[in-house]
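So you can see what is in the structure, the chains are spelled out below.
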Amino acid sequence: MGESRGPFLRAFIPGSTSSDDTGRLNLDARGNRGSHSVGTKNRGHASRSWIKIDQDGNFEILELDKTTIMRHCSLPARDLRLLDPLFIYPSTILGREKAIVVSLVQIRCIITADEVILMNSLDGCVVQYYLELCKRLQTNKDQADDLPFEFRALELALELTCMSLDAQVKELGMEIYPVLDELASSISTLNLEHLRRLKGHLLALTQQVQKVHDEIEHLMDDDGDMAAMYLTEKKQRLDSSSDGYTQTNISSLDRVVSKSAPVSPVGSISGAQKLQRAFSSIVTSKHGSLISSSSNRENVEQLEMLLEAYFVVVDNTLSKLLSLKEYIDDTEDLINIKLVSSDDSLQIWW
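Now for a look at the structure at hand. What you see is a predicted model, and the numbers here were worked out from it, not measured in a lab.

On to a nonpolar patch on the surface, then. On the surface, Leu86, Phe87 and Tyr89 cluster together into a nonpolar patch covering about 310 Å² of accessible area. If you trace the backbone, Leu86 turns up in the loop between α4 (77–81) and β5 (92–95).

Printed below as a string of structure tokens:
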């Protein structure tokens, strides 16, 4: 882990370009500084620092550009924009052909059936995510797990996101309640300004929690989206189909070779036998499709139970925020009543 410290830190040192590129500027006829030719030429293809974690819990830090990641994970460019820290997008979980795109507050990563590609960052949630994921994968390396690799990676992202949001709500509540209690007894401009700032923070945090809440709920309501996220089964199905395709090619080649040989009347197959074989193949294919659909339903139920567990957590966090908002509204109503009553008493005195 000490060997990775160098590239991990270099990714965050500004101006770490090569010496050949520095000072190579375009000058116009007046000698004004123009645009950087290399930067314009390589726009959109700049490499970023990523952390790749495999199934055994081993990680390495890589410098990858968008084109390489798009080709490796079969993702469109719009999905990678969700992971770009320069853009602000709401929390999103997308199931694609070969990957799951996760953008949950600070944790932004791509999960495949074999690895996790995480945006390298010094943020505490990101560091905690890859350290905890590596620890869990290494600990359970030789133990059987009911969840496939992609669900374990997704579960940890949901767990850390829910824990972080709940901790922020508790911290905000510890700051809001004393201010509200003080305002209820004595009204001051300083306390009102403090409450106004806290309300802004409360609104922003509520929007974050609400989006995570809605995203999990949306996934649970759509069986197709959940089925698309079972990457291990899709990969196994693709591997088995490719093996079947190879065997079919071999058998077809044998049939071509055997055409030149004379056909024995004893070994020929009658029409009834052909019909019986065709019927049995149809029954077998139907039976296989029924088993596959039943397996898909079980997998969807497995993922649905995982999502439901964290939906309960984030729903509880959202309820705490709504309770805070109601407490603020009640305190503001009390302040307004006190102000109106004091105005009335002044009018009566005059």
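Quick look at the nonpolar core now. Counting residues in hydrophobic clusters, the biggest one holds 62 residues, and the most contacted among them are Ile111, Val116, Tyr129, Leu158 and Leu307. When contributions to this core are tallied by element, the ones reaching two or more residues are β3 (48–54), β6 (100–104), β7 (107–111), β8 (115–119), α5 (124–139), α6 (149–185), α7 (189–220) and α10 (271–349). Examining the composition of this core, we find that 16 residues originate from one element, α6, more than from any other. Setting aside anything within four residues of it in sequence, one finds Leu307 in contact with Leu158, Ile216, Leu219, Met220 and Met226.

Moving on, we get to the pattern of salt bridges. Counted by the stated rule, this structure contains 15 salt bridges. Here Arg48 makes a salt bridge to Asp84, at a shortest N to O gap of 3.2 Å. With Arg48 in strand β3 and Asp84 in the loop between α4 and β5, this pair connects stretches of sequence that are 36 residues apart. Among the residues examined, Asp84 registers a relative accessible area of 5% and is labelled buried. Two residues, Lys199 and Glu332, come together in a salt bridge whose shortest N-O distance is 2.9 Å. Separated by 133 residues along the polypeptide, Lys199 in helix α7 and Glu332 in helix α10 bring together distant segments of the chain. For Lys199, a relative accessible area of 34% puts it in the partly exposed group.

Reading the values: the criteria
- As a convention, each chain's residues are numbered from 1 in the sequence order in which they are written.
- Residues qualify for local features only when their pLDDT is at least 70, as the model is predicted, and side-chain atom pairs are given and counted only at 80 or more; totals for whole chains, interfaces and linings, by contrast, use all residues.
- For the side-chain quantities, the full set of heavy atoms in the structure was used; hydrogens and water were omitted.
- Note on patches: the residues involved have over 30% relative accessible area and no salt bridge, like charges join within 9 Å, and the nonpolar side chains Val, Leu, Ile, Met, Phe, Trp and Tyr join within 5 Å.
- Surface accessibility follows the Shrake-Rupley procedure with a 1.4 Å probe radius. Residue values consider only the protein chains on display as shielding.
- Throughout this description, the term salt bridge denotes a Lys or Arg side-chain nitrogen within 4 Å of a carboxyl oxygen of Asp or Glu.
- Strands here mean DSSP runs of E at least two residues long; helices mean DSSP runs of H or I at least four residues long; both are numbered from the N terminus.
- The nonpolar core is taken to be a set of buried Ala, Val, Leu, Ile, Met, Phe, Trp, Tyr and Cys residues, with the residues joined through side-chain atoms within 4.5 Å.
- The classification of residues rests on relative accessible area computed with a 1.4 Å probe and restricted to protein chains. Under 20% of the type maximum is buried, over 50% is exposed, and intermediate values are partly exposed.
- Between two residues, a contact is recorded if the distance between any of their heavy atoms is within 4.5 Å.

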